[in-house]
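Working through the structure, step by step
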Amino acid sequence: MSEDKESVLAGFKAFLMRGNVIDLAVAVVIGAAFTNVVNSVVKGFINPVVGAFGTQDLNQYSSCLKPPCEVDATGEASKGILIMWGSVLSAVLTFLITAAVVYFLMVLPMAKYLARRARHQAAKEEVQEVIEVSELEVLKEIRDALLAQQGQGAGRSSGPGTVPDQTPGSGTR
């Protein structure tokens, strides 16, 4: 029983210490902080621009589906059916701004960095391949030179790649 408890705790510790969990936790914290930035941009910039054409608070835009629509002090419909399309528009704008910032400030630069890194790695591998091929060529040349020297020094010797002379009277039997 104690062994099972220790293995469960060890497994849980390993799960927590994996890089994925820590990266996810950091992403959630940064995402929460980033949400405040985006909400500030929407409230401080987008809403006033929209306010130039109507109300400054997008949440105030609504339509009455079933009259008579009456809204109480809390913003809830007390009579009728009220469609709050302004809050949907605000959420869509917040999402689009968040997506644009994430794409242009995080995804696009990371993609360019990874592409540059892949090109660098490919060039490095190509150079390594050329070095390996040139090493192979040098080794072949050394082999050929050794074979040529061996052939010159011993006359008609039987080395690798040579066939012994078997003509009558040559001394081989």
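Residues numbered from 1 in each chain as written. Predicted model: local features only at pLDDT ≥ 70, side-chain atom pairs only at ≥ 80, totals over all residues. Heavy atoms only, no water.

**Points about the overall build of the chain**
As a reminder, the rule being used: Each helix is a run of DSSP H or I of at least 4 residues and each strand a run of E of at least 2, with the numbering of both proceeding from the N terminus. For every residue, the accessible area (1.4 Å probe, protein chains only) is compared with the maximum for its type, and the residue is labelled buried under 20%, exposed over 50%, or partly exposed between those bounds. Pairs of residues are marked as contacts when any of their non-hydrogen atoms sit within 4.5 Å. The accessible surface values rely on the Shrake-Rupley method and a 1.4 Å probe; as for residues, cover is taken only from the protein chains in view.
In terms of helices and strands, the chain carries three helices and two strands. Its helices and strands taken in sequence order, the chain reads α-α-β-β-α from the N to the C terminus. Counting over 173 residues, the chain shows a buried share of 7%. Across the chain, every contact between residues at least 6 apart in sequence was considered, and the portion connecting residues at least 24 apart equals 32%. Roughly 14,100 Å² of accessible area belongs to the chain as shown, and the carbon and sulfur atoms make up 64% of that amount.

**Concerning the pattern of salt bridges**
Selection rule: The term salt bridge refers to a side-chain nitrogen of Lys or Arg lying within 4 Å of a carboxyl oxygen of Asp or Glu.
Throughout the structure, instances matching the rule amount to one salt bridge. Taking the shortest distance from any N to any O, the salt bridge between Asp 144 and Arg 143 comes out at 3.1 Å. When its relative accessible area of 42% is taken as the criterion, Asp 144 is described as partly exposed. The exposure class assigned to Arg 143 is partly exposed, which follows from its relative accessible area of 46%.

**Examining the nonpolar core**
We count it as follows: By nonpolar core is meant a set of buried Ala, Val, Leu, Ile, Met, Phe, Trp, Tyr and Cys residues that side-chain atoms within 4.5 Å join together.
Counting residues in hydrophobic clusters, the biggest one holds five residues: Phe 34, Val 38, Val 42, Ile 46 and Ile 97. For this core, the element with the highest residue contribution is helix α2 (residues 19–51), accounting for four residues. With sequence-adjacent residues up to four places away left out, Ile 97 is seen in contact with Val 38, Val 41, Val 42 and Ile 46.

**Structural notes on helix α3 (residues 85–153)**
Convention followed: Given a helix with a known number of residues, its expected span is that number minus one, times 1.5 Å. To get the bend at a given residue, fit one axis to the seven residues ending there, fit another to the seven starting there, and take the angle between those axes.
For α3, spanning 69 residues, the distance from its first C-alpha to its last is 97 Å, which sits close to the expected 102 Å at 1.5 Å a residue. Along α3, the sharpest kink reaches roughly 40°, centred on Tyr 103. Where α3 is concerned, the buried positions are Gly 86, Ser 90, Thr 94 and Ile 97.

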